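As a plain string of letters, each chain reads:
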Amino acid sequence: MDKNRRAFLVSLAQNVAIAATGGFLWSAYVEEAKAAPLILRPPGARKEQDFMSLCIKCGLCVEACPYDTLMLAKPGDNKPLGTPYYIPRNIPCYMCDDIPCVPPCPTGALDIKSVTKEQDGKQVFDITMMRMGVAIVDIKDCIAYWGIQCDACYRACPLLDKAIYMEMRRNERTGKHAKLLPVVDPDYCTGCGLCEHACVTEIAAIKVLPRDVALGKVGNHYVKGWEKSDEARLKGSSGIRTTVTPRSEKSAVESLNEGLNLE
Amino acid sequence: MSKIWNKYRFLILRRFTQIALLVLYIGGNYWGWKILQGNLSSSKLFDTIPLADPYAVLQIFSTGAIVAMDALIGAVIIAVFYALLGGRAFCSYVCPVNMVTDLANYLRRKWNLDKFEKKWWASRNIRYWVMGLSFILSFILGTAVFELVSPISMTHRGIIFGMGFGWAAIVTIFLFDLFILKNGWCGHICPLGGFYSLIGRYNLFRVKHIQPNCTLCMKCKEVCPEKEVLYMIGKKSQMVDMGECTLCGRCVEVCDDDALHFGIRDFVKKGE
């Protein structure tokens, strides 16, 4: 083999190897830095994955926020560097009617469309469309669940009686009082965190979490028979396969009446 | 006095623009000034004109995301400005890390470190590999990867929005440039510098060398952060034609023999 050619190939391989090594270290770091599932994003933020690819980390949303709610993640915050977030227990989102933080976003990481609706042929902001997170009540540490009267979160909620409503329940311990229990309706909760901010316990017993983290999903095979249109969801579906083992091929009634054949 | 001005006029101008930009950005965040809001990644000039880092926007594009119009226009404005006029001047007139690496370089000369230090060699093309890698990794990982590690953004954001442990990145670069590799960060690794070297390849402003005046004192090569661009010193009269030149003007200032000066690019190559 030609000496020059060999030297060239070796140096090429060296460069590629160094680049690959650097690339692996770099991507490992980025994967690590991206993994902050409990981060709360500004109003109108796209899904975390899309948000992470679009956000250019300029801080224009942070500067626009009149309450200093939003912060840019600094080294040491254990959040993706430079991306905006808020901690509702410190400063919640006050849900300004004109949503000053969303329009300045230059890249569209904060999506104006997700917080606007059409009204009388005009596009207007609707702050109730924000979905920054969802409040979750810790029923063991909420003093209202103890039977002590407290409605701090309920009073603080900007969507009072919608996002948080009070459920009455008989206090079995005293036998003559009612408990007034705060309950969150995720369909309305915007995740602003005014409730978490207002909570009187030492560590808030109502907390805002990212919706992906806090909310469950029922799946398609449960149908609300009492809701007229709910069954429409199953239209066109090929059915759900329930036969998993030879035993489950038999109908449930069969196995109850005839007993199991365990062979 | 005029001698000091003559010897340091571009350095003073550079520090002035670097610090003035920082002050304007800080004013935008803390006192609501509407002159420059945001930071070097993306900003608003006079509350109307968008500006954006074209390299960051390209990384976002390689994640597969489509950015909104503002960032796109902003990136084009910046790219056109540097392609036509600025060249790689971002590095020496705007970037805050430049002050850190210049200090490291200054101490290197002051303490004669080049004579005593074990010499490491590294290719100045590493930056282009890092840049290529950043696009590939952005595509794979779905986020602008250099922006997550960039000490430039970290420093600049840190000064405007609060530093956190951002100072650690600055110290790292400082020590790296001082004790490990001369001009290590800006001259070898930084992909943003590489990016501006590429788009500023054909800009209008250039340093020109007048060979008959040159006495081969090599002061220019000593101060130049990208001394490979001064390959023609003492050999032939020619403009500096490599995109890696940051147009910092230090060579022009330190030259005692009037052999270097700024000029407009001549597109017709003379003397060949």
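None of these values were measured; they are calculated from a predicted model.

**Details of the environment of Asp257 of chain B**
Residue and element names in this part refer to chain B.
Then, in step 1: Examined against the element boundaries, Asp257 turns out to sit in the loop between helix H14 (250-254) and strand S6 (260-264).
Then, in step 2: Spatially, the C-alpha atoms of Asp257 and Cys217 are 9.3 Å apart, while their sequence positions differ by 40 residues.
Then, in step 3: Discounting residues that sit within four places of it in the chain, Asp257 has contacts with Asn213, Thr215 and Cys217.
Then, in step 4: At 2.6 Å, the side chain of Asp257 and the side chain of Thr215 are in polar contact.

**Brief notes about the side chain of Asn98 of chain B**
Then, in step 1: If you trace the backbone, Asn98 of chain B turns up in helix H5 (residues 97-110).
Then, in step 2: Ignoring any residue separated from it by four or fewer positions in sequence, one finds Asn98 of chain B in contact with Arg14, Arg15, Gln18, Cys91 and Ser92 of chain B.

**Side note on the pairing of strand S1 (residues 36-39) of chain B**
All names here are of chain B.
Then, in step 1: Two strands pair when backbone bridges link them, and S1 and strand S2 (residues 42-45) are joined in this way by four bridges, in the antiparallel orientation. Bridge pairing in S2 places Asn39 opposite Ser42.
Then, in step 2: The antiparallel pairing of S1 with S2 creates a hairpin that spans two residues between the two strands.

**A word on the interface of chain B and chain A**
Then, in step 1: The interface is formed by 43 residues belonging to chain B together with 34 residues belonging to chain A.
Then, in step 2: Approximately 3,000 Å² of surface area, both sides summed, lies buried where chain B meets chain A, with 71% of it carried by carbon and sulfur atoms.
Then, in step 3: Looking only at chain B, the three residues that lose the most surface to chain A are Trp129, Leu141 and Leu148 of chain B, adding up to 22% of its buried area.
Then, in step 4: If you look at where chain B meets chain A, you find zero salt bridges.
Then, in step 5: For the pair chain B and chain A, the interface holds seven residue pairs in polar contact (both at pLDDT 80 or more).
Then, in step 6: Going through the elements one at a time, helix H1 (2-30), S1, S2, helix H2 (54-62), helix H3 (69-86), helix H7 (126-141), helix H8 (145-149) and helix H9 (151-161) of chain B are the ones with two or more residues in the side of chain B that touches chain A.
Then, in step 7: Broken down by element, the side of chain B that touches chain A gets its largest block of residues, six residues, from H7 of chain B.

**A few points about the environment of Pro66 of chain A**
All names here are of chain A.
Then, in step 1: With respect to the helices and strands, the residue Pro66 is situated in the loop between helix H3 (60-64) and strand S1 (71-72).
Then, in step 2: Taking the relative accessible area as the measure of exposure, Pro66 reaches 52% and is therefore exposed.
Then, in step 3: A sequence separation of 21 residues divides Pro66 from Ile87, and the C-alpha atoms of the two residues are 15 Å apart.
Then, in step 4: Apart from residues no more than four positions distant in its own chain, Pro66 is found in contact with Cys96 and Pro100.

**A short note on unusual backbone geometry**
Residue and element names in this part refer to chain A.
Then, in step 1: Even without glycine at this site, Asn78 takes up a positive phi of about 55 degrees.
Then, in step 2: For Asn78, a relative accessible area of 73% corresponds to the exposed category.
Then, in step 3: Its identity is not glycine, yet Met95 carries a phi of approximately 50 degrees, on the positive side.
Then, in step 4: Relative to the helices and strands, Met95 resides in the loop between strand S2 (84-85) and strand S3 (116-119).

Here is what the cut-offs are and how they apply
Residues numbered from 1 in each chain as written. Chains lettered and ligands numbered in written order. Predicted model: local features only at pLDDT ≥ 70, side-chain atom pairs only at ≥ 80, totals over all residues. Heavy atoms only, no water. Helix = DSSP H or I, 4+ residues; strand = E, 2+ residues; numbered from the N terminus. Contact = heavy atoms within 4.5 Å. Polar contact = N/O pair within 3.5 Å; in protein donor to acceptor, adjacent residues only side chain to side chain. Pairing = 2+ DSSP bridges. Buried area = accessible area lost by both parts, 1.4 Å probe. Salt bridge = Lys/Arg side-chain N within 4 Å of Asp/Glu carboxyl O. Buried < 20%, exposed > 50% of the residue type's maximum accessible area, 1.4 Å probe, protein only.

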